[in-house]
Number of protein chains: 2
Amino acid sequence: MKHLKIKFNLENSFDNQESNKIERYLGDLRHIFLDKLKVDYILKKDDPLIYEVYQVEVPPEPGQIMFGISIVYPGKVGNEYFMTKGHYHKNPNAAEVYLCLKGMGYLIMESSSGKVNSIYMQPGSFGYVPPQWAHRTVNISEEPFVCFYSVPADAGHDYEELEKTGFKITVKEIEGIIKVVPLEYISEKS
Amino acid sequence: MKHLKIKFNLENSFDNQESNKIERYLGDLRHIFLDKLKVDYILKKDDPLIYEVYQVEVPPEPGQIMFGISIVYPGKVGNEYFMTKGHYHKNPNAAEVYLCLKGMGYLIMESSSGKVNSIYMQPGSFGYVPPQWAHRTVNISEEPFVCFYSVPADAGHDYEELEKTGFKITVKEIEGIIKVVPLEYISEKS
């Protein structure tokens, strides 16, 4: 691991040779959206790209910092906005910091004890995810929602815990207004 | 330490209530520039602001990530470009990542064993400082050189080591060209 010299074009392209690109399509993310019928309806015609991550890998040692760019594309499943899978860190001490570079969205968080929080993000907004909080990003704009993130390289990702329970809040357009809502509210209304 | 919600205006102002502002004027940085006579000449008329850091403090614990914005203002002392003091980390495992948001400059690095490296930075460039490398940023543009940085919260700063020896390279305008040069080269030429 030496000095990484990396150039992401912040205007229109984030591709480069030195980062590890992860792509998640709707077909990979059926379980995270509330309206499975709507997911299946979309998937009959198309399998849209929901988000991409360009991650720069560094040695997974204490003190090293892993970083990259996440891009959530604009769109909705029904009235629920496109979002990332979300994850806990395997290392319970590991925090994460997000800096929004383009677009608008939310950083949604949930603790293992069931508390929730959300941070509205626009270019220049930072959001800090304290240790032991699961987190995801949600695009509420009509352009790609682009965030830089950095995280201890020994954080590790735990997706399984969230796959069991899901998040307790989501972001939906309700009567023309973008709202961060608890799932109970949605099931009462629908 | 909870979820920090912070908005830096990336266009024209980075002031906010939640970060710790550090200002370094030329008078604080006399020792880092080669031409002390030129420093003293400037200081007779003015004590210009060389750089500012807006640092968001988090608990100094393993796994937490400290972050902020550094702004190096444009200018030179003689032919040597404005730059930060530079530092090693007290924690020898701690890396640091820089993302350039505005302007152009260099991330200059030096290891305790005497190796040197430099990374040219423009908006979208990332530079990774591996553990055990001292580092500073240098503005070679005519606008503020603005970087986001993130670093393990338990990294600590060691400025003293560099005050003893200085960096072995600097960035100067030589015959109209911006060059990263070893100090030996400068003393031969001057």
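Structure's up top.
Description of the structure in this document.

Reading the values: the criteria
- Residues numbered from 1 in each chain as written.
- Chains lettered and ligands numbered in written order.
- Predicted model: local features only at pLDDT ≥ 70, side-chain atom pairs only at ≥ 80, totals over all residues.
- Heavy atoms only, no water.
- Salt bridge = Lys/Arg side-chain N within 4 Å of Asp/Glu carboxyl O.
- Helix = DSSP H or I, 4+ residues; strand = E, 2+ residues; numbered from the N terminus.
- Buried < 20%, exposed > 50% of the residue type's maximum accessible area, 1.4 Å probe, protein only.
- Polar contact = N/O pair within 3.5 Å; in protein donor to acceptor, adjacent residues only side chain to side chain.
- Pairing = 2+ DSSP bridges.
- Axes fitted to C-alpha atoms, helices over the stretch in contact; angles between N-to-C directions.
- Core = buried A, V, L, I, M, F, W, Y, C linked by side-chain atoms within 4.5 Å.
- Contact = heavy atoms within 4.5 Å.
- Phe/Tyr/Trp six-rings, centres within 6.5 Å; stacked < 30°, edge-to-face > 60°.
- Lys NZ or Arg CZ within 6 Å of the ring centre and 35° of its normal.

**Some thoughts on the pattern of salt bridges**
Charged atoms that come close allow side chains of opposite charge to pair.
No. 1: For the structure shown, the criterion picks out 12 salt bridges over all chains.
No. 2: Among the ionic pairs, Lys164(B) bridges to Glu161(B), the shortest N-O distance being 3.3 Å. Taken as a pair, Lys164(B) and Glu161(B) lie in helix H2 (residues 160-165) at a separation of 3 residues, close to a single helical turn.
No. 3: Taking relative accessible area as the criterion, Lys164(B) reaches 65% and is therefore assigned exposed.
No. 4: What you see here is one network of salt bridges that share partners, running through Lys21(A), Glu23(A) and Glu52(A).

**Considerations on the side chain of Gln55(A)**
No. 1: Relative to the assigned elements, Gln55(A) resides in strand S3 (residues 49-56).
No. 2: A polar contact is formed between the side chain of Gln55(A) and the side chain of Glu57(A), at a distance of 3.4 Å.

**Observations concerning the sheet that holds strand S10 (residues 116-121) of chain B**
All names here are of chain B.
No. 1: Strand order across the open sheet formed by 3 strands is S10-S9-S12, with antiparallel pairing between neighbours. At either margin of the open sheet sits one strand with a lone partner, and together these are S10 and strand S12 (133-139). Geometrically, the sheet is characterised by an average inter-axis angle of 20° between neighbouring strands, direction not taken into account.

**A short note on the nonpolar core**
No. 1: Of all hydrophobic cores here, the largest spans 110 residues; its most connected members are Phe33(A), Phe148(A), Phe33(B) and Phe148(B).
No. 2: The contacts of Phe33(B), once residues within four sequence positions are left out, are Leu26(B), Val39(B), Val77(B), Glu80(B), Tyr81(B), Phe82(B) and Met83(B).

**A look at the sheet that holds strand S12 (residues 133-139) of chain A**
Residue and element names in this part refer to chain A.
No. 1: The strand order across the open sheet built from 3 strands is S10-S9-S12, with neighbouring strands paired in antiparallel fashion. The open sheet is flanked by strand S10 (116-121) and S12, the only strands paired with a single partner. Across the sheet, the mean angle from the axis of one strand to that of its neighbour is 20°, orientation sign disregarded.
No. 2: Bridge analysis of strand S9 (residues 105-111) against S12 gives 7 bridges, and the strand direction is antiparallel. Looking at the pairing, Met 109 lines up with His 135 of S12.

**Looking at the packing of aromatic side chains**
No. 1: Per the stated rule, a full pass over the model turns up 15 aromatic pairs over all chains.
No. 2: Aromatic side chains Tyr98(B) and Tyr149(B) sit 6.4 Å apart centroid to centroid with 40° between the ring planes, which places their arrangement in the tilted category. Of this pair, Tyr98(B) sits in strand S8 (residues 96-102) while Tyr149(B) sits in strand S13 (residues 145-152), and the two are 51 residues apart along the sequence.
No. 3: We classify Tyr149(B) as buried; its relative accessible area is 4%.
No. 4: Each member of the aromatic cluster is reached from another via a ring pair, and the members are Phe67(A), Phe126(A), Tyr128(A), Phe148(A), Phe67(B), Phe126(B), Tyr128(B) and Phe148(B).
No. 5: Lying over the aromatic face of Tyr159(A), Lys85(A) brings its terminal NZ or CZ to 4.6 Å of the ring centre.

**Section: the environment of Lys85(A)**
Residue and element names in this part refer to chain A.
No. 1: Secondary-structure assignment places Lys 85 in the loop between strand S6 (80-81) and strand S7 (88-89).
No. 2: C-alpha separation for the pair Lys 85 and Met 109, spaced 24 residues apart in sequence, amounts to 12 Å.
No. 3: Each residue touching Lys 85, except ones within four places of it in the same chain, is listed here: Arg 24, Leu 29, His 31, Ile 32, Tyr 51, Arg 136, Tyr 159, Leu 162, Glu 163 and Phe 167.

**A look at the environment of Trp133(B)**
Residue and element names in this part refer to chain B.
No. 1: You can see Trp 133 is positioned in strand S12.
No. 2: You can call Trp 133 buried: its relative accessible area is 8%.
No. 3: Remark: the alpha-carbon pair of Trp 133 and Gly 78, spanning 55 residues in sequence, is separated by 27 Å.

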